[in-house]
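What follows is each chain in one-letter form.
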Amino acid sequence: MTTHTATLPVPPASHSSAERRGLWLGLLGVGIFALTLPMTRLAVGTPALPQMSGVFLAMGRASVAGLLSALFLAATRAPWPQRQDWVPLLLTMAGVVFGFPLLTSIAMRHVEAVHASVILGVLPLATAVVGALMHRQRPSLGFWLCALLGSAMVVAFAMLHSGHNGLSIQPADGLLLLAMLLGAVGYGFGGLLSQRMRGEHVICWVLVLALPVTLPVALWTQPAQAVSAQAWGAFAYLAVFSQWLGFFAWYRGLALGGTVRVSQVQLVQPFVSMLCAVPLLGETLDAVTVGFGLAVIAVVFIGKRMPVR
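All of the points below concern the structure found in this document.

### Section: the side chain of Thr 92
- With respect to the element layout, Thr 92 can be found in helix α4 (residues 86-107).
- Overall, the relative accessible area of 0% leaves Thr 92 in the buried class.

Take a look at the structure:
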């Protein structure tokens, strides 16, 4: 059985170069993830024209990615995770295999991708908070104020678009907020593991470990009715890119550039998602959505500038 090799410290002279590479890899991952919400909307359909169930979509995409991961781990002769890696792998699995994909798949039948993009717009800041806590960094007061302000703005947007005269949040918005928190935890622990494992091996082990659950559930919940070719195409993208290849770049980027800093490239994701939803789904961008999207991204950017000791 192969064992892990120790991670060599990065010399000071090459630190900025590694950070730049981390940012670019993070941006590549975000570009892949940006299509996740529009593709999820295509795959699950609408209440009037349903396609796949949210449970099948989440478990099915993870099953396909898990089988591909098993082949990849065998082909690259990946080492077994060390003893201290198992708990972080399970926590990563809870966030990026079960939490975020399952909750967003269920929610996306009831909200538009444009709306969900803004709800999830605070994910970069949430990921930075998780990363700072995990690495025992001390964010400044300004950092925490930005986190609170961003969260308040997201909740205000959800209430404004809830259809209940602004007095309550839709159940789907609650699912999206919980998905954001679980996604941040999955990103944080995955980034931590990527410092001592190859980023692609991290997501592959996570997906393989999840197969005993994802594969049976996917087979049990597969669609009984006909599903459009467009929905199956969206399913294929989610399985191969959103659930698998995107994490190759993302986790490697977090390892090179640091979770707190690289997580902030996600601030471009809501806009890319909203722009993609217009041609893919025929959705429209209203002034309120664009305004809240810009405001959330501005808060995330300001939070990124706050000192973290």
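### Describing the nonpolar core
- Core analysis: the largest hydrophobic core is formed by 84 residues, its most contacted members being Met 52, Val 96, Val 97, Tyr 187, Phe 247, Trp 250 and Tyr 251.
- Beyond its immediate chain neighbours, meaning those up to four positions away, Phe 247 contacts Phe 33, Val 96, Tyr 187, Gly 199, Ile 203, Ser 242 and Arg 252.

### Overview of the pattern of salt bridges
- Evaluated as defined, the whole model comprises two salt bridges.
- Where Asp 85 meets Arg 196, a salt bridge forms, and the shortest distance between an N and an O atom there is 2.6 Å. Residue Asp 85 is located in the loop between α3 (54-75) and α4, and its partner Arg 196 is located in the loop between α8 (171-193) and α9 (199-220); the two are separated by 111 residues in the primary sequence.
- With relative accessibility at 28%, the residue Arg 196 sits in the partly exposed group.
- The shortest N-O distance in the salt bridge between Glu 200 and Arg 198 comes to 2.6 Å.
- Taking relative accessible area as the criterion, Glu 200 reaches 14% and is therefore assigned buried.

### Quick notes on empty space enclosed by the protein
- Applying the stated criterion across every chain yields a total of one cavity of 30 Å³ or more.
- Each pocket or cavity is described by its volume, and for the largest cavity that value is around 240 Å³.
- Residue lining of the largest cavity: 20 residues in total, with Phe 33, Phe 100, Leu 123, Tyr 187 and Gln 269 positioned closest to the centre.
- Listing elements by their share of the lining of the largest cavity, those giving two or more residues are α2 (36-44), α4, α6 (123-134), α10 (229-257) and α12 (269-281).
- For the lining of the largest cavity, the element with the highest residue contribution is α4, accounting for four residues.

### Considering the layout of surface pockets
- Here the second largest pocket defines a volume of roughly 200 Å³.
- Around the second largest pocket, the lining residues are Arg 41, Leu 42, Gly 45, Thr 46, Leu 49, Gln 51, Glu 112, Ser 228, Gln 230, Leu 281 and Glu 283.
- The class makeup of the residues in the lining of the second largest pocket is three nonpolar, five polar and three charged.

### Some remarks on α9
- Between the first and last C-alpha of α9 there are 31 Å, a value that for 22 residues agrees with the 32 Å anticipated at 1.5 Å per step.
- At Leu 211, α9 shows its largest bend, some 60 degrees, and a proline, Pro 212, comes one to four positions later.

### Concerning unusual backbone geometry
- Although it is not a glycine, Arg 77 adopts a positive phi angle of roughly 50 degrees.
- Within the element layout of this structure, Arg 77 appears in the loop between α3 and α4.
- For Arg 77, a relative accessible area of 70% gives the class exposed.

### A word on the packing of aromatic side chains
- Tallying each qualifying case throughout the model produces 14 aromatic pairs.
- An angle of 35 degrees between the planes, with centres 5.1 Å apart, marks the rings of Trp 80 and Trp 205 as tilted. Taken as a pair, Trp 80 in the loop between α3 and α4 and Trp 205 in helix α9 lie far apart in primary sequence, 125 residues in all.
- Judged by its relative accessible area of 46%, Trp 80 is partly exposed.
- The exposure class assigned to Trp 205 is buried, which follows from its relative accessible area of 8%.
- Centroid distance Tyr 237 to Phe 241: 5.0 Å. Interplanar angle 20 degrees. Geometry classified as stacked. You can see Tyr 237 and its partner Phe 241 sitting in helix α10, four residues apart, about one turn around the helix.
- With a relative accessible area of 15%, Tyr 237 lands in the buried category.
- Chaining the aromatic ring pairs together yields one cluster made of Phe 33, Tyr 187, Phe 247, Trp 250 and Tyr 251.

### Some details on the environment of Phe 189
- Following the sequence through the fold, Phe 189 ends up in helix α8.
- Non-local contacts of Phe 189, meaning those with residues more than four positions away in its chain, are made with Pro 88, Leu 91, Thr 92 and Met 134.

### Section: the environment of Val 202
- Here Val 202 is to be found in helix α9.
- The sequence separation of Val 202 and Trp 232 amounts to 30 residues, and the corresponding C-alpha distance is 27 Å.
- In this structure Val 202 touches Leu 89, Gly 190, Leu 193, Ser 194, Met 197 and Tyr 251, once residues within four positions along its chain are discounted.

Thresholds applied
- Residues numbered from 1 in each chain as written.
- Predicted model: local features only at pLDDT ≥ 70, side-chain atom pairs only at ≥ 80, totals over all residues.
- Heavy atoms only, no water.
- Helix = DSSP H or I, 4+ residues; strand = E, 2+ residues; numbered from the N terminus.
- Buried < 20%, exposed > 50% of the residue type's maximum accessible area, 1.4 Å probe, protein only.
- Core = buried A, V, L, I, M, F, W, Y, C linked by side-chain atoms within 4.5 Å.
- Contact = heavy atoms within 4.5 Å.
- Salt bridge = Lys/Arg side-chain N within 4 Å of Asp/Glu carboxyl O.
- 1 Å grid on protein atoms, 1.4 Å probe; cavity = no way out; pocket = protein on both sides within 12 Å on 5 of 7 lines; lining within 4 Å.
- Points joined across faces, edges and corners; volume = space filled by probe spheres on them.
- Nonpolar A, V, L, I, M, F, W, Y, C, P; charged D, E, K, R; others polar.
- Expected span 1.5 Å × (residues − 1).
- Bend = angle between axes of the 7 residues up to and from the residue.
- Phe/Tyr/Trp six-rings, centres within 6.5 Å; stacked < 30°, edge-to-face > 60°.

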